Every structure is written in structure tokens, then in C-alpha cells.
Amino acid sequence: YNTPERLPIEEELAALDCKRYENGRLLRVLPVAGSKSKAQNLNAALRRVETPHTVLYDADHFPDPDSLMIATSHMELQECACVQGSTYLRERPFPLGVYVNAEFFVTHFVFFPGLQFLTGMGLFGGANALWKTEALRAYSFRHDVQTEDIELSTRMLLSQIRISFCPECRSGELPPATLLALFRQRLRWALGWDQVTLLHTSSIGSAPLNCWYKLAIYYILPLRWAVLTASTLNALVTPALSYWWSSSGGGALGGPIEACVAITLAAFAAVSFIVLLAAIVDLHASLWAHVVLFQLSGMLYIGMQVVLVVTSLTKIALGADGGWVVTKRV
């Protein structure tokens, strides 16, 4: 950990350093002198790791009892350098937590597995990830980007280092305490993705990868802007213009426009059906309605992503993309 000034709790932390627990487990508490980032703290900790495997969790994570065993088995089966598990909110005291938990489920149990099925490619998300220590140590974390995990993932993917998703490896975290805390967290994520995109897009074409793999990396980096633009047109602009045209007496929209609207609705229905099936298979019945409500709020969610990306790119253009606020948790 790092702190700009000494805190009272550090005496308690120092007393825990080198404490041994059952099964020979040893706790080390490391104040990293000169560190100003999570990335520098991780690099310092990695230099002390002596085991062949390393697992990373955020401070608020409570991994499920069997999650590490599941990740280890998955790593052996897939012969990969990293297994990225899923996260959920272990406390949901208010509607915001319910919404974010449903978003996490759709991301980890539908989108990421779908991406892996189509491309054979996974991503490291920063927490609840099992690594082969040698592979992780070979690529140090960069402290000059907002999302050191996505930046590291990109460098590894460009170097043909395999990362695999395993949503059954679960860990619970705490939700942001307020809507403002959530916005700041998501803005940091957006800044990180945009920084990584601008840093590495030019390297994709010359990477020693096949065309399909390169296309997959283009999709998750620069093409995600095109996907967001298309989603905005289909989910926000087209419905609004269609309603205005019809209500103002403009008559029929015309075959091409009506066909586009029909395709958009059909695609949304198909994705929603897949999400519902995943919820039925992997979630308790009491949580199904939360996932359905999240899907129905797609227009709101897309609008939020537009605000985040526009804000992020503006801050990058103005050179105001440094530093970040720690997310306040419940």
C-alpha cells in the first residue's frame, strides 16, 4: 500500500506483518516507499512472490470458498497464463447496488463468454484473477494509465499470452457508496480504456497474430467507439426521430428505415433472450427480475456510456486525464 502521510492504522498493519496462519500461510504488509499508484504497489509485491501462481484481489473482495480451486482447474485445462473470474456485489443495500450487480452478471456471464467464444480471447480485469507468476512478473504494471489491468492485458494479447475467462470462479465485492462514486469509478474505467486504445491501436497491425485475433483486438479497442456510435443511433437517435416524424404527421418512415428499426428490435430481443437464459441457469430465481430490468434499461445504459466516453476523450484532449479518486464503498 502507499499513503502520502503516515496514518494511525499503519501501526496495526505493521503488527500484522509476517503473521502466520493455518496451512503455513504468511501475511506480508508492505508500505511501498515512493509509490503513488496501485500499479507501483503491485510491482513491489510481485518482486516478493515466490510461489508459481499468484492470485489478485481488490481489498474489498471476498472470494467464494471454491473459487480458487475452480480457477486452478480451469488454468490446467485451458493451459493459459491467466484465469479471469467474475465478480458480484456481496451487499446490495439500495437500488443502485441491485442495478450494478445485474450489470456485472450480464458482463461476466454473457458478454465476456461470448467474446471468448467468438475470438478465443479473454481479458484481465484487475481483480479475482489467477496468474502464473512467471508470466505476470515478465510484464510490469504501468503507473501512467488509469486502468493498469487493461493496459497489461493488451500488451499480453499482442504478445500471444493467453488469458481465459471462467465466470464460475466468483468473488464478491462492495458497491460504490453513492451515484457520484459510481460515476467517478466508471469515468476512470472509461479514461483507462481510451488511454489504452490510443496507446496500442497502432501496434495491432504489426503484432505477430493471425487476422482473426487482430480483428478481435481492434473490436475491443478502437472499434468499440464505432459500436457505441451505432448503438446510440439505433437505441436513442432512431427511436426519437421515428417518434417525432410519426407524431408530427410525417407519414410512413419508408422501407429502409422501418427495416433498420425492425432489425434493431430483433437483435435486442435475441440478446435479451440469451441474457434471460443465462440468468435462469446461473442465478437464483429471486435475481432474475433484476437482470430483466437491467436489460429493459438499455437506452439509459447506452446514454450513460456516451456521457462517459465523451467526458473521457475531452479530458484526454485537454491533458486532464491524470490522477484518480479512490472509489468510496458501502
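Here is what the cut-offs are and how they apply
- One numbering rule holds for all chains: residues counted from 1, following each sequence as written.
- In keeping with the model being predicted, local features are shown solely for residues with a pLDDT of at least 70 and side-chain atom pairs are shown and tallied solely at 80 or more, while totals for entire chains, interfaces and linings include all residues.
- In computing side-chain values, all of the structure's heavy atoms are included and hydrogens and water are not.
- Note on aromatic pairs: the rings of Phe, Tyr and Trp (six-membered ring only in Trp) are paired at centre separations within 6.5 Å, and the planes decide the class, stacked below 30 degrees, edge-to-face beyond 60, tilted for the rest.
- A helix here means a DSSP run of H or I that spans at least four residues, while a strand means a run of E at least two residues long, and both kinds are numbered starting from the N terminus.
- Relative accessibility thresholds used throughout: buried, under 20% of the residue-type maximum; exposed, over 50%; partly exposed, between the two (1.4 Å probe, protein chains only).
- Whether a charge sits over a ring comes down to the Lys NZ or Arg CZ being within 6 Å of the ring centre and within 35 degrees of the ring normal.
- The term salt bridge refers to a pairing of a side-chain nitrogen on Lys or Arg with a carboxyl oxygen on Asp or Glu at a separation within 4 Å.

A. A look at the packing of aromatic side chains. Counted by the stated rule, this structure contains seven aromatic pairs. Between phenylalanine 105 and phenylalanine 109 the ring centres are 5.0 Å apart and the planes differ by 15 degrees, which places this aromatic pair in the stacked class. Taken as a pair, phenylalanine 105 and phenylalanine 109 lie in helix α4 (residues 95–119) at a separation of four residues, close to a single helical turn. Classification of phenylalanine 109 as buried rests on a relative accessible area of 12%. A centroid spacing of 6.3 Å and a plane angle of 50 degrees characterise the contact between phenylalanine 124 and phenylalanine 141, whose relative ring orientation is tilted. Note that phenylalanine 124 is positioned in the loop between α4 and β6 (129–132) and phenylalanine 141 in the loop between α5 (133–137) and α6 (148–158), a separation of 17 residues in sequence. Phenylalanine 141 sits in the buried class, given a relative accessible area of 4%. In this structure, arginine 90 packs its charged tip against the face of phenylalanine 62, placed 3.7 Å from the ring centre.

B. Expanded view of the pattern of salt bridges. Applying the stated criterion to the full structure yields 12 salt bridges. Note that aspartate 17 is salt-bridged to arginine 28, the shortest N-O span being 2.8 Å. Separated by 11 residues along the polypeptide, aspartate 17 in the loop between α1 (9–16) and β1 (19–20) and arginine 28 in the loop between β2 (26–27) and α2 (38–46) bring together distant segments of the chain. Arginine 28 gets classed as partly exposed once you look at its relative accessible area, which sits at 38%. Here arginine 155 makes a salt bridge to glutamate 151, at a shortest N to O gap of 2.8 Å.

Such coordinate-based values are descriptive only and should not be taken to indicate function.
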